[in-house]
Amino acid sequence: MAATPHSARVFIAVDPPQDYEESLDILGVYGSLAAAQTAVRLHRARPGNQIRWAYGRRSEVQEWVGDEHRTTWAFHPDRGWNTQPAAP
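Conventions and cut-offs
Residues numbered from 1 in each chain as written. Predicted model: local features only at pLDDT ≥ 70, side-chain atom pairs only at ≥ 80, totals over all residues. Heavy atoms only, no water. Helix = DSSP H or I, 4+ residues; strand = E, 2+ residues; numbered from the N terminus. Buried < 20%, exposed > 50% of the residue type's maximum accessible area, 1.4 Å probe, protein only. Patch = residues over 30% accessible without salt bridge, like charges linked within 9 Å, V, L, I, M, F, W, Y side chains within 5 Å. Areas by Shrake-Rupley, 256 points an atom, 1.4 Å probe, with all protein chains shown as cover. Salt bridge = Lys/Arg side-chain N within 4 Å of Asp/Glu carboxyl O. Contact = heavy atoms within 4.5 Å.

Further remarks concern the side chain of Asp 15. With respect to the helices and strands, the residue Asp 15 is situated in strand β1 (residues 9–15). For Asp 15, a relative accessible area of 1% corresponds to the buried category.

In structure tokens, the structure reads:
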């Protein structure tokens, strides 16, 4: 079903699979990109999570409008945030 002007627009903070043994973990659902990016940085920095969040591990914020995946912002500690359109 295609997104309509009345579809919900959300930003989902995720820990994407980075090994064959992993699955996608949703860290939270937010109403703005800024809130989702802040939440990802805070989650990575939270005491007790530093072991899980190894230095090279990436995180993502995905923009969804209705059931359409529009854009993904990936965070890597060396490169910061970069954006990529969703695959068709």
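Back to the text.
So, on to the environment of Thr 38. Looking at the element boundaries, Thr 38 is found in helix α1 (residues 33–45). Relative accessible area serves as the criterion here: at 33%, Thr 38 is assigned to the partly exposed category. Along the primary structure Thr 38 and Ala 13 are separated by 25 residues, whereas in three dimensions their C-alpha atoms are 9.7 Å apart.

Looking now at a nonpolar patch on the surface. A contiguous nonpolar surface patch, about 290 Å² in accessible area, is contributed by Leu 24, Ile 26 and Val 29. Following the sequence through the fold, Leu 24 ends up in the loop between β1 and β2 (25–30). Under the relative-accessibility criterion, Leu 24 is labelled partly exposed at 43%.

Structurally, Val 10 can be placed in strand β1. The spatial distance from the C-alpha of Val 10 to the C-alpha of Val 65 is 6.5 Å, given a sequence separation of 55 residues. When sequence neighbours within four positions are dropped, the list of residues in contact with Val 10 reads Val 29, Tyr 30, Gln 62, Glu 63 and Trp 64.

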